[in-house]
Amino acid sequence: MGQHHVIFGISAAAACIIGGGLALVVSGGMTHHQQQQTDSATMSSAASSTSTKQVGAILSAKAQYDRWQKHYLLKDQAQHLYVNSSDTSDSRTAISEAQGYGLYITVLAAQKGIDKNNEAQFESLYQYYLAHRSKKSQLMAWHQKYNTNNELVEHDESSATDGDLYIAYALILAANQYPDKRETYTKQARAILSDILKYNYNDDKQILTTGNWVTKDSDAYQIFRSSDVIPMFFEKFASFTQDNRWEDINASMTSKLKALSQQNDTGLVSDMVSVKDTTPAPAKIGSDDDMLYGYNAIRVPMVLLDTSDNDASYVVNRILEFFDSQKDMLATYALDGRVTGNYHSDLQAEMINYAAKRQSRQYNKLYQRTTEMLKSKTSNYNYYTDTLGLIATLQNK
């Protein structure tokens, strides 16, 4: 969820059980080698607010999009749109991951015919990104926090790779979707991709690091985030830029993720992965929770699909095999299958449902079972669950 999201480490950010699902209040995190103080609710106060009505049915793509658009899109003082990733009422938080998701959702909604005339929305989100770039680069500064008067009170200049990947991919799609801006969006996509390789690329290991805060002499230089392995994106970037390094990144990161998956009976992979040694291993950047199948790895079944990459398919199938044997979709797991977040996660159900639908010939029962779970999905607003759930719905449409 950005290099800063050291999940369930309460010193980094408060992990919240919202409506029986999995959530992280994303106003805290990790900058360089330090963890920022969280301004979110504590675990106990979050747990006390989990009572909620049930949706009762899975919302249509249009209904999900309208709900997300209405609740999460806010304007800064310059009247530029950003995606509010804070689930607390006393602050608003923009992060590069959320902005990337917002741009991607907007162009997907146009492509799918849900919101055909949304050029202005995309442009406004794009202008927010331009106004909050990191350290004179084309990467986005990962975190901006606003108070209730809409005044900017915190701004972190470091970047997070996941956000920049989504921004770049969205711009490539937008260049085709919005012809009037084709040249502008194409040029900026190239600029972002160039800076990802300049600042966030370990060329020796052929991996993307977690952000431009990582230096070559740091342990984090040998670590990648499992959910940053997005073959569909890498394949597009390679053809778009004609830069073979994106093919190298794709082959290297998927093979390393497969090697990690092969090390245990469950096939699960960790949030952070170390390639310091010959054999990939779970890694710790901010807390021990980085070594779990947790808040970052939960995205892996979705991001590894839509590709012909065999290593990616292997990892998805191993993860689906594991969840096919589980009675419930719980929040987090150790790689040996032990439950570490022992409560139902709507987001886990969303991600497994998405992957099982794509692999329905093998996992139809798992798809049907998670579909039933999602019919009882809570109606609480939660940025991470709602946003990733919407992406899954739009990609499946």
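Residues numbered from 1 in each chain as written. Predicted model: local features only at pLDDT ≥ 70, side-chain atom pairs only at ≥ 80, totals over all residues. Heavy atoms only, no water.

J.: Can you walk me through the overall build of the chain in this structure?
T.: A count of helices and strands for the chain gives 13 helices and 16 strands. Here the chain, with 397 residues, has 63% of them falling under the buried criterion. (Helix = DSSP H or I, 4+ residues; strand = E, 2+ residues; numbered from the N terminus. Buried < 20%, exposed > 50% of the residue type's maximum accessible area, 1.4 Å probe, protein only.)

J.: Looking at this structure, how should I read the sheet that holds strand E12 (residues 223–225)?
T.: Sheets are built from strands paired through backbone hydrogen bonds, the pairs being either parallel or antiparallel. Strand order across the open sheet formed by three strands is E12-E13-E14, with antiparallel pairing between neighbours. Unpaired on one side and paired on the other, E12 and strand E14 (281–282) mark the two borders of the sheet. Bridge count for strand E13 (residues 272–274) against E14 is two bridges, and the pairing is antiparallel. Looking at E14, one finds that Val273 is bridged to Pro282. Against the sheet, helix H8 (residues 245–261) contacts E12, E13 and E14, and its axis sits at roughly 90° relative to E12. (Pairing = 2+ DSSP bridges. Contact = heavy atoms within 4.5 Å. Axes fitted to C-alpha atoms, helices over the stretch in contact; angles between N-to-C directions.)

J.: What should I look at first to understand the confidence of the model for the chain in this one?
T.: For the chain, per-residue confidence averages 88 on the pLDDT scale, and 86% of positions sit at 70 or higher. Scored below 50 in pLDDT, residues 2–53 shows 162 contacts in the model against residues more than four places distant or in partner chains. (pLDDT = per-residue confidence, 0-100.)

J.: How should the packing of helix H11 (residues 346–358) against helix H12 (residues 360–375) be read in this particular structure?
T.: Where H11 meets H12, the closest approach of the two axes is 7 Å, and the angle between their N-to-C directions is 150°. With respect to H12, the axis of H11 lies roughly antiparallel. Seen from above, H11 lies across H12 with left-handed handedness. Every residue of H12 that contacts H11 at Asp346, Ala349, Glu350, Ile352, Asn353, Ala356, Lys357 and Arg358 is listed here: Ser360, Tyr363, Leu366, Tyr367, Thr370, Thr371, Met373 and Leu374. (Parallel < 35°, antiparallel > 145°, perpendicular 65-115°, else oblique. Left-handed = near helix turned anticlockwise from the far one by under 90°.)

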